[in-house]
Every structure is written in C-alpha cells, then in structure tokens.
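Structure assessment
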Amino acid sequence: MGSSVEQNILVTGGAGFIGTHTVVQLLKEGFKVSIIDNLDNSVIEAVDRVRELVGPDLSKKLEFTQGDLRNKGDIEKLFSKQRFDAVIHFAGLKAVGESVGNPRRYFDNNLVGTINLYETMAKHNCKMMVFSSSATVYGQPEKIPCMEDFELKAMNPYGRTKLFLEEIARDIQAAEPEWRIVLLRYFNPVGAHESGRIGEDPKGIPNNLMPYIQQVAVGRLPELNVYGHDYPTEDGSAVRDYIHVMDLADGHIAALRKLFDDPKIGCTAYNLGTGRGTSVLEMVAAFEKASGKKIPIKLCPRRSGDATAVYASTEKAEKELGWKAKYGVEEMCRDQWNWANNNPWGYQKKL
Ligand code: NAD
Ligand code: WQD
C-alpha cells in the first residue's frame, strides 16, 4: 500500500508475543512504529530481535519506550513529541487463571490503561484504533462457527475486561462518530516467525496448550495434561481454532488499511481465525510430527470453564478486510518447533 509509507503507528504492548510479530510486518510494509511496553510480560531482547530481523534500515523507523499505560504521563510524553496516525493496542494482561484470583489487577491494568490511552488519543486528535479483543467474548458459544453478531458474554474477569473494553469502544465511537475502531477477536494464536528468532515466551508454567507442548518437547516439563477426554468430539478432546501468529500479524495490517480507507467503519468487530477446528489430541499429533519428539500425555478431567468446541466464522474478515489465514496446523507446529528448538529457554540466554 503506497499510501501507508511514513504513516506512524503507536503499538502498545509491542514487545509481547503478538506485538513483536506484528511490528516486523508493519516495518516491512513501510510504516513507522513506536512501541510502548512496560515489559511486565516481555523482555527487551524481543525488541532487539525484531530489529535484527528487519535489518538496520527499517530499524531506524522503530522506537521503543518503556512505559506503563496506567500512567497517563507515559502516554502523554509520546503523543506530545510526535503525531500518530493510528494505535494498535495490544497491551494487557491475559492469564485467565490469574484474573480469577486477582481481578483488581486485571481491571486496573486492562481497563484503566485503555481509558488513559483513549483520553490521550482524543486530546491529540488521533482517533483510529485497532484493539486486541478475543474469542473469549463468545463465552461458551451455543453454535459454531462463531459469528461476529453472536451474543457476547464473559466467563472470567479477563474475559470481562475484553467485553467491557469492546463496549467502551462502541460507546466512545457512538458519542464521537469521527473515531474509527476495529475490534479484532483473535481465536488461539500459536506458532512463531519462520526465522525462529521471535516467538511466545511465557513467564512461569504456561497456561495455554501450545507453549505447554513446546516446553514438554524441549524437556522443561515432563508431560502434557490433556484437560478433558470425554467431550462430544471425534476423539473426546476439546476443539479450538488455532491461528498462526504471522497470519494474525497480517490481519492487523489489513485492519489498519481498513481504518485508513473506510471513513464509515465506525466501531466494527472481526474474527481472526482460520475457520477450522482442531482437537487437543490432533494438535499433539501434529506437533510430534513436526518436531520428531514424543509428547507424553496424561488424560485429565476437563478444565473448569472450558468450552467443547470453538472456531471462527471467517466470512466477515475475508469479505470486508480482504484477509484470510494462509497457514494450517502443520506450519503452525513447524514454526513453533523451530522457535522452541532454537530457543529452548525462550529469550533467556541459558538454562
Ligand atoms: P503478551 O503478554 O505477550 O503481550 C502483551 C504486552 O503488553 C506485554 O509485552 C506486556 O509487557 C505489555 N503490557 C501489559 N500491560 C501493560 C501496561 N499497563 N502498559 C504497557 N505495557 C503493558 O500477550 P499477547 O499474547 O501478545 O497478547 C496481546 C493482546 O492480545 C492482549 O491484549 C491479549 O489479551 C490479546 N489476546 C491474546 C491472545 C493469546 O492467546 N495470546 C488471544 C486473544 C487475545
Ligand atoms: C486450548 C485447549 C484446554 C493447556 C485461552 C483463553 C482465551 C484466549 C486464548 C486470550 C483447551 C487444552 C490447555 C494444557 C490442555 N486468550 N489444554 N492442556 O482456553 O481455548 O483460550 O487462550 O484472549 O481467552 O481462554 O486456550 O491454549 O488454554 O487451551 O489440555 O496444558 O487445550 O483445556 O481445551 P483456550 P488454551
């Protein structure tokens, strides 16, 4: 997109898993990027590796600021020294279990941080936002595939922050129609950049399936607990819509283009998924094939709050954003393994 050259994008949470992959694609597409991240769930090494991946010339178009969205002054400092054309807002806490034990931390970080961001954007007349929502806003869907106009509900405090933030976005845009906001509902992001230099590096024991499998494969964890083997699915394990993080990254570029090109976008939600469901046991088999490693499993009771099967309808994103996921489970596992094999301890240098 020729017109995007030199457009300046603020990326909150840009040092994190989805953020780093998106920043690589943004720079390659000719955008200038400024990251704000408090490094609560990430490390500066990840940003260094983004620079390494895009090379010295494009690196000059990337700025990093360590700052916290809960502190309005940190955001104001950025906006007072440059103009942003749009914001991609990834920054947030995302661990479902932790949110149940400490909801105040989630409401403070995710809600207060985002409200501060809107306030500062409005003050500086930057009114275009791509927001990281989640398939969690469908709760336990009664029907699949999930369509964007399904009833929304939350199952836990983390999910409630996403639901509230979607509602807040809709209210702000309804009151001030010049805002253009795209809400991207990610399904289950996995995989890594094909270089194996950036990837997901959760702190502590992973909550999500793929990072857990990856840590079993490299010997950091002994076996995978498979939560639920009596679901009404083909093999009894739960079904999800896994999506390659590079496809997600490209979905953000498509969403930005939509914001810039469509004055009538208002506040619109899009699913980012593949539209295909894969069971936990199928995912384990695919990872074993990609890695050549045996993943020992233990069949366990269902995890509380988990749905049987969730996958996306991808029609709306295809039609309106012109975006469609390119990668399947095989590539997701190949790239996840490449990242794990090259970085068994994530961004840490050694065991
Ligand atoms: P991540 O934790 O890797 O990245 C989030 C980044 O935000 C981290 O680098 C963290 O340090 C930063 N951050 C958190 N609070 C901040 C604050 N107050 N100020 C500044 N920086 C802050 O997570 P991710 O997987 O890249 O997810 C990005 C976004 O996508 C999140 O909003 C998450 O809720 C959403 N999401 C993720 C998934 C998933 O499974 N990964 C699925 C659906 C939605
Ligand atoms: C997938 C399947 C587990 C770990 C979560 C959030 C959601 C969104 C994406 C942010 C389930 C099973 C898992 C393990 C297992 N995140 N599993 N053993 O629950 O679909 O979605 O991440 O917005 O909000 O809830 O993803 O990767 O945790 O689980 O058997 O050690 O794998 O029970 O069936 P989930 P997940």
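Thresholds applied
Residues numbered from 1 in each chain as written. Chains lettered and ligands numbered in written order. Predicted model: local features only at pLDDT ≥ 70, side-chain atom pairs only at ≥ 80, totals over all residues. Heavy atoms only, no water. UniProt positions renumbered as here; feature names shortened; annotations may be inferred. Helix = DSSP H or I, 4+ residues; strand = E, 2+ residues; numbered from the N terminus. Near = heavy atom within 4 Å. Polar contact = N/O pair within 3.5 Å; in protein donor to acceptor, adjacent residues only side chain to side chain. Areas by Shrake-Rupley, 256 points an atom, 1.4 Å probe, with all protein chains shown as cover. Nonpolar A, V, L, I, M, F, W, Y, C, P; charged D, E, K, R; others polar. Axes fitted to C-alpha atoms, helices over the stretch in contact; angles between N-to-C directions. Parallel < 35°, antiparallel > 145°, perpendicular 65-115°, else oblique. Left-handed = near helix turned anticlockwise from the far one by under 90°. Contact = heavy atoms within 4.5 Å. Buried < 20%, exposed > 50% of the residue type's maximum accessible area, 1.4 Å probe, protein only.

Right, let's get into the UniProt feature "domain: NAD(P)-binding" (unreviewed entry) in the protein. What UniProt calls "domain: NAD(P)-binding" (unreviewed entry) maps, in this numbering, to residues 10-335. Between the end C-alpha atoms of residues 10-335 the distance is 27 Å, and the span holds 42% helix and 17% strand.

Here we come to the site of ligand 1. Inspection of the region around ligand 1 gives 26 residues, with Asp-37, Asn-41, Ser-42, Lys-94 and Tyr-158 positioned closest. Within the contact set of ligand 1, a nitrogen atom lies 3.0 Å away from a backbone nitrogen or oxygen of Leu-69. When ligand 1 sits alone it has 810 Å² of accessible area, and the protein chains cover 95% of it. Only helix H1 (17-28), strand E5 (128-134) and helix H6 (157-175) provide two or more residues apiece to the shell around ligand 1. Of all the elements, E5 adds the most residues to the shell around ligand 1, at three residues. Of the residues assigned to the shell around ligand 1, the class counts are ten nonpolar, eleven polar and five charged.

On to the packing of helix H3 (residues 72-81) against helix H5 (residues 103-123). Packing of H3 against H5 brings their axes to within 9 Å, and their N-to-C directions diverge by 30°. Classified by the interaxial angle, the pair formed by H3 and H5 is roughly parallel. Once H3 is placed against H5, the crossing between them reads as right-handed. On H5, the residues touching Lys-72, Ile-75, Glu-76 and Phe-79 of H3 are Gly-113, Asn-116, Leu-117, Glu-119, Thr-120, Met-121 and Lys-123. For the contact of H3 with H5, the class distribution of residues is four nonpolar, three polar and four charged.

Right, let's get into the site of ligand 2. Of all residues adjacent to ligand 2, which total 19 residues, the nearest are Ser-134, Tyr-158, Asn-225, Arg-240 and Asp-306. Separating an oxygen atom of ligand 2 from a side-chain N or O atom of Ser-134 is a distance of 2.7 Å. Interatomic distance of 2.8 Å between a side-chain N/O atom of Arg-303 and an oxygen atom of ligand 2. Its free accessible area being 680 Å², ligand 2 has 88% of it covered by the protein chains. Sorting the residues of the shell around ligand 2 by element identifies helix H7 (209-217) and strand E8 (224-227) as the ones contributing at least two each. Considering every element that reaches the shell around ligand 2, the biggest residue donor is E8, with four residues.

Here we come to the side chain of Asn-109. Looking at the secondary structure, you find Asn-109 in helix H5. Owing to a relative accessible area of 15%, Asn-109 belongs among the buried residues under this scheme. Within the local environment of Asn-109, its side chain forms a polar contact with the side chain of Asn-110, the two groups lying 3.2 Å apart. Excluding residues within four positions of it along the chain, Asn-109 makes contact with Arg-70, Gly-92, Leu-93 and Thr-114.

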